[in-house]
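# A structural walkthrough
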Amino acid sequence: MKSNKIMGIIFSNMHDECMGELTGARTAGSIPYGGRYRLIDFTLSNMVNSGIKDIGIVTRQNYQSLMDHVGSGRAWDLSRKVGGLRLLPPYARLTGASADDHVGCLEALAGRLVYLQSVDAQYVVLSGADVISNIDLRDVLRQHQETGADITAVYADCRRETPGRDVSTVEVAADGRLTDVSVNVSTTGNHKEFLNIALLSRELLIKMVNEGYAHGKASFTRGVMQDHLQDLKIYGYESTGFVARISGMESYFAANMALLNSEARAQLFPAERPVFTKVRDEVPAKYGLKSKVSNSLVADGCVIEGELENCIVFRGVRVGRGAVVKNSILMQDAIVGENADLNYVIADKDVVVRSGRTLCGYTSIPFYLQKGMSV
Amino acid sequence: MTQKKEWIAMLLAGGQGSRLYTLTRKIAKPAVPFGGKYRIIDFPLSNCTNSGIDTVGVLTQYQPLQLNEYIGNGQPWDLDVMNGGAFVLPPYQRSSGSDWYTGTANAIWQNSGFIDRYDPEYVVILSGDHIYKMDYSKMLEYHKEKGSVATIAVLNVSMEEASRFGIMNCNPDMSVYEFEEKPAKPKSTLASMGIYIFDWKVLRRYLEEDDADRTSSKDFGKNIIPTMLDAGEPMFAYPFEGYWKDVGTIDSLWEANMDLLNPTVPLDLYDPSWKIYSRNPVMPPHYIADGAVVENSMIAEGGDIWGQVDFSVVFSGVTVERGAVVRDSIIMPGAVIRAGARVEYSIVAENAEIGAGATVGCRPEDAQDKDAWGVAVIGEGVHIAPGVAVPAKALVDQDIKGE
């Protein structure tokens, strides 16, 4: 076993249920975000930028788009002879009707122990795929070793105006040790939110998985963090940079719009820790003679001939002459026809809005057009 | 053991491109950035892979570091194949001595060992300084149909331009009877595009003979082609229709970039069946701020635009600060245009910085001396201090400090 070597496990389906229509045909990890990314890119890039070379992605259902996206892992330099990216899908059993319907991370890992045992890493980072941040996990390891913790859980000080779904919060003592863990809280205001990222030794994780299996415990947060709060040293690591957690359409919209702030972009996309994603080989964006653009993020491959204001525009989008798009998210290859008028719209991949159409939502209820829809 | 290939390509990428002056001071011409995210060599490399050629030897000599790194294992062009792929071929030492590449034909001859390993029927010779999309497989079909041993792609140019090119004089069946390099009085307007397909066995013989001739300048246009014609080898011109541009000068490089903004120019980069591949920068989408004005321009990812950009090609990671104006210009990767600066009819190379309130270049109508007007060039990494005025047509390769 190599000392200080870390492996990563990503749970790509975690919290799928909270995302509503966004996960209709994809995992939480493959939700498009920020003009050219999928949520899982942030977790994968954090791990890769922290020197992690063995990464397993646990999938449960709807994972075709995810496989499409990550491929062999080359975009993250994870297409390796030794280690690299490993997809850990469920496998059908003879007796069960369907494959494994795991609900928690512990349960999911019970079915993937062989992988966990096969990598010669000393530590494991467990992570969901629904958090958008740029965290150097080497700092987490440093603190983990300095405090002599058994488990280090990453949290951030967050403020919620409305209750989020599937939110776990922690209480942290002055020395950094966790004194309380609450699952599924519906609080508003300021609290310390667990980012579903935890670091622990591989040995301890295997022990916890086996123990959890024997006692019918599915969830890592409940079965390990809550149940062992006293007898294990569980410390918190505070992430202070940009953090966004997607749990539904409203937070999805807000998390995208947050990128229109330069400071937020600087925190999420520092030059020394780039965020990798699948390469599409698109032409740079092209702006027409009468285009008018303000406060917007625009990816390669777009042809913008109309007007954009406060928009996140993904790769390959076309906005026709005279069209006015405000406060909207246009995903990959969406087409907005001439003189169309959109406000507070989230158009999923391949959506077509015909010429002259008017669509309008509101901040808290953006108008969502599902993948491939034609209006 | 390598498997036999029907055809392979050899890409001549060793030229200095001295007429690009400061732009090629540290990099070879084929590595010069083009079109917002590409480098010139992306065009022939992408043409190869799109035409079904999976083995490309890239002959480098002048300032090869950046080019070698850029090509790498050829993966961005899908050329990281098991048998074949992209190979960077610099001159090397042999037991009987060593030599720089002394001419285009000599460069190929020095690598005949590389070509022989694949035992190809045909070799495509390309150069790394042209912007165009071309299906070489159609040219190969033509080569076979005509029973040609040497086929040269030609472009129909105007009579005025013809004396700047190598001109192919052809019979009605397109067989070539004469080749004239930059003729003062051209007899035809079919200009060689520097794209050749040869039967390798035949070419190999001519290269060997030419190598032994100490008076030869070891050049395809000057030596190999005329010698083959004199010997009566069947040689045909392959007429190409479409966009093709030699970007060997500051003016032509500037024009070719501007052509991308012109919807009537027939160079479609958006065709999904003929993508131009490149090594993609890892950067977020570009941001256009409130108050920015962006019109008729191309902007790549990673940019941060707060000022005005008009009729310009802006590469990845470029910053244009508030109040800055960029017009009719090419801003290469990582360059910074500080607040209130004005850049017109200019090429600003990689990582250069134009200080606040500085001006670079000017519009032809604003020039005091119309004859002295031209595109201004700021070299790689050059810093122009705030408030400095760089005149039109200036070629700046050293920092300019303020008073």
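Remember, it's a predicted structure, so these values are computed and weren't measured experimentally. (Residues numbered from 1 in each chain as written. Chains lettered and ligands numbered in written order. Predicted model: local features only at pLDDT ≥ 70, side-chain atom pairs only at ≥ 80, totals over all residues. Heavy atoms only, no water.)

This brings us to the overall build of chain B. When you go through chain B residue by residue, the secondary structure sums to 9 helices and 33 strands. In terms of overall dimensions, chain B is globule-like: its C-alpha atoms have a radius of gyration of 22 Å, near the 22 Å expected for 403 residues. Principal-axis analysis of the C-alpha atoms gives chain B an extent of 65 × 50 × 45 Å. A burial count over chain B gives 60% of its 403 residues as buried. The distance from the centre of the 35 positive side-chain charges to the centre of the 54 negative ones in chain B is 2 Å. (Helix = DSSP H or I, 4+ residues; strand = E, 2+ residues; numbered from the N terminus. Rg over C-alpha atoms; globule rule 2.2 N^0.38 Å. Buried < 20%, exposed > 50% of the residue type's maximum accessible area, 1.4 Å probe, protein only. Lys, Arg positive; Asp, Glu negative; His and termini not counted. Charge placed at Lys NZ, Arg CZ, Asp CG, Glu CD.)

This paragraph deals with the side chain of E233(B). Inspection of the secondary structure puts E233(B) in the loop between α8 (220-230) and β14 (235-240). At 2.7 Å, the side chain of E233(B) forms a polar contact with the side chain of Y206(B). (Polar contact = N/O pair within 3.5 Å; in protein donor to acceptor, adjacent residues only side chain to side chain.)

Every contact between the two is made by 37 residues of chain B and, on the other side, 38 residues of chain A. A buried area of about 2900 Å², summed over both sides, lies between chain B and chain A, and 51% of it is on carbon and sulfur atoms. The largest contributions to the chain B side of the interface with chain A come from Y270(B), P285(B) and Y287(B), which together make up 22% of the buried area. In this assembly, chain B and chain A are joined by 4 salt bridges. Between R74(A) and D80(B) there is a salt bridge, and its shortest N-O distance comes to 3.1 Å. Counting across the chain B and chain A interface gives 20 residue pairs in polar contact (both at pLDDT 80 or more). At the level of elements, β16 (286-288), β17 (293-295) and β18 (297-299) of chain B are the ones that each hand at least two residues to the side of chain B that touches chain A. As paired elements, strand β16 (residues 296-298) of chain A and β16(B) share 3 bridges and run antiparallel to each other. Its bridge partner lying in β16(B), S296(A) is registered against I288(B). (Contact = heavy atoms within 4.5 Å. Buried area = accessible area lost by both parts, 1.4 Å probe. Salt bridge = Lys/Arg side-chain N within 4 Å of Asp/Glu carboxyl O. Pairing = 2+ DSSP bridges.)

Moving on, we get to the sheet that holds β16(B). Strand order in the open sheet formed by 11 strands is β28(A)-β25(A)-β22(A)-β19(A)-β16(A)-β16(B)-β19(B)-β22(B)-β25(B)-β28(B)-β31(B), with mixed pairing between adjacent strands. Each edge of the open sheet carries a strand with a single partner, namely β28 (367-369) of chain A together with β31 (383-384) of chain B.

Before going further, it helps to examine the pattern of salt bridges. Residues and elements named next belong to chain B. Enumeration over the complete set of coordinates arrives at 36 salt bridges over all chains. Between E350 and R39 there is a salt bridge, with the nearest N and O atoms lying 3.4 Å from each other. Residue E350 is found in the loop between β27 (346-348) and β28 (353-354), and its partner R39 is found in strand β3 (residues 38-39); the two are separated by 311 residues along the sequence. Among the residues examined, E350 registers a relative accessible area of 10% and is labelled buried. One network of salt bridges, with partners in common, ties together R327, R342, E344, R363 and E365.

For the rest of this paragraph, the subject is helix α5 (residues 137-147) of chain A. Residues and elements named next belong to chain A. For α5, the full list of buried residues reads L137, V140, L141 and H144. End-on view of α5: buried residues confined to an arc of 100°, all on one side of the axis. Contact partners of the buried residues in α5: β1 (2-11), α1 (39-49), β6 (121-128), β8 (151-160), β11 (189-201) and β12 (234-238). One or two residues past the end of α5 sits G148, with phi positive at roughly 65°. (Arc of directions from axis to C-beta.)

This part takes up the domain arrangement of chain A. Many authors give the size of an interface as the accessible area that is lost as the parts come together. Residues and elements named next belong to chain A. Partitioning chain A into structural domains gives domain 1 (6-268) and domain 2 (286-369). Computed from C-alpha coordinates alone, the two centres of domain 1 and domain 2 are separated by 32 Å. A combined buried area of about 1700 Å² lies between domain 1 and domain 2, and 70% of that area is made up of carbon and sulfur atoms. It is G35, F253 and L260 that lose the most area in domain 1 upon contact with domain 2, and together they represent 35% of the buried surface on that side. For the pair domain 1 and domain 2, the number of links is 1 salt bridge. Between R26 and D348 there is a salt bridge, with the nearest N and O atoms lying 2.8 Å from each other. At the boundary of domain 1 with domain 2, the tally comes to 3 residue pairs in polar contact (both at pLDDT 80 or more). Of all the elements in the fold, those that place two or more residues in the side of domain 1 that touches domain 2 are β2 (32-33), β3 (37-38) and α8 (249-257). No other element matches the 6 residues that α8 contributes to the side of domain 1 that touches domain 2. By residue class, the composition of the side of domain 1 that touches domain 2 is 10 nonpolar, 3 polar and 6 charged. (Domains from an automatic or database assignment. Nonpolar A, V, L, I, M, F, W, Y, C, P; charged D, E, K, R; others polar.)

Further remarks concern the nonpolar core. Of all hydrophobic cores here, the largest spans 114 residues; its most connected members are M10(B), I108(B), M134(B), F220(B) and I347(B). Ranked by size, the runner-up nonpolar core spans 54 residues in total, among them A285(A), V325(A), A335(B) and V360(B). (Core = buried A, V, L, I, M, F, W, Y, C linked by side-chain atoms within 4.5 Å.)

Residues and elements named next belong to chain B. Among the structural elements, N47 can be located in helix α1 (residues 42-51). Those residues in contact with N47 that lie beyond four places of it in its chain are Y132, K133, M134, Y136 and W274. At a separation of 3.3 Å, a polar atom in the side chain of N47 contacts the main-chain amide nitrogen of M134.

Attention now goes to the pairing of strand β8 (residues 122-127) of chain B. All names here are of chain B. Among the 6 residues in β8, 6 count as buried, and that is most of the element. Residues Y122, V124 and L126 point to one face of β8 and V123, I125 and S127 to the other, with burial holding for every one of them. Inspection of the sheet shows strand β1 (residues 7-12) paired to β8 by 6 bridges, in the parallel sense. From the neighbouring strand, M10 faces β8, where its bridge partner is I125. In the sheet, β8 pairs with strand β13 (residues 190-199) via 4 bridges, with the strands oriented antiparallel. Directly across from I125, in β13, lies its bridge partner Y196.

We now examine the packing of aromatic side chains. Tallied over the full model, the rule gives 20 aromatic pairs over all chains. With centroids separated by 5.7 Å and ring planes inclined at 65°, the aromatic side chains of Y38(B) and F43(B) adopt a geometry described as edge-to-face. Overall, F43(B) belongs to the buried group, its relative accessible area being 0%. Judged by centre distance (5.5 Å) and plane angle (65°), the rings of F114(B) and Y118(B) are edge-to-face. Highlighted residues: F114(B) and Y118(B), both in helix α4 (residues 112-118), separated by 4 residues, approximately one helical turn. Across this residue pair, the class does not change: F114(B) and Y118(B) are buried. What links up through ring pairs into an aromatic cluster is the set Y33(A), Y37(A), F42(A) and F269(A). (Phe/Tyr/Trp six-rings, centres within 6.5 Å; stacked < 30°, edge-to-face > 60°.)

Bringing the packing of helix α7 (residues 200-212) of chain B against α8(B) into the picture now. Residue and element names in this part refer to chain B. Running from N to C, α7 and α8 point in directions that differ by 120°, and their axes come no closer than 11 Å. Taken as a pair, α7 and α8 cross one another with a handedness that is right-handed. Counting all contacts with α7, which are made through V202, L203, Y206, L207 and D210, the residues of α8 involved are F220, N223, I224, T227 and M228. (Axes fitted to C-alpha atoms, helices over the stretch in contact; angles between N-to-C directions. Left-handed = near helix turned anticlockwise from the far one by under 90°.)

This part takes up the environment of G212(A). All names here are of chain A. Position of G212 among the secondary structure elements: in helix α6 (residues 202-214). Residue G212 is classed as buried on the basis of its relative accessible area, which comes to 4%. Counting along the chain gives 11 residues from G212 to G223, while the straight-line C-alpha distance between them is 6.7 Å.

The next subject is unusual backbone geometry. Phi is positive for N327(A), close to 50°, though the residue is something other than glycine. Considering the arrangement of structural elements, one finds N327(A) in the loop between β21 (324-326) and β22 (329-330). The backbone phi angle of Y345(B) is positive, close to 45°, even though this residue is not glycine. Relative to the helices and strands, Y345(B) is located in the loop between β26 (342-344) and β27. Judged by relative accessible area, which is 15%, Y345(B) ranks as buried.

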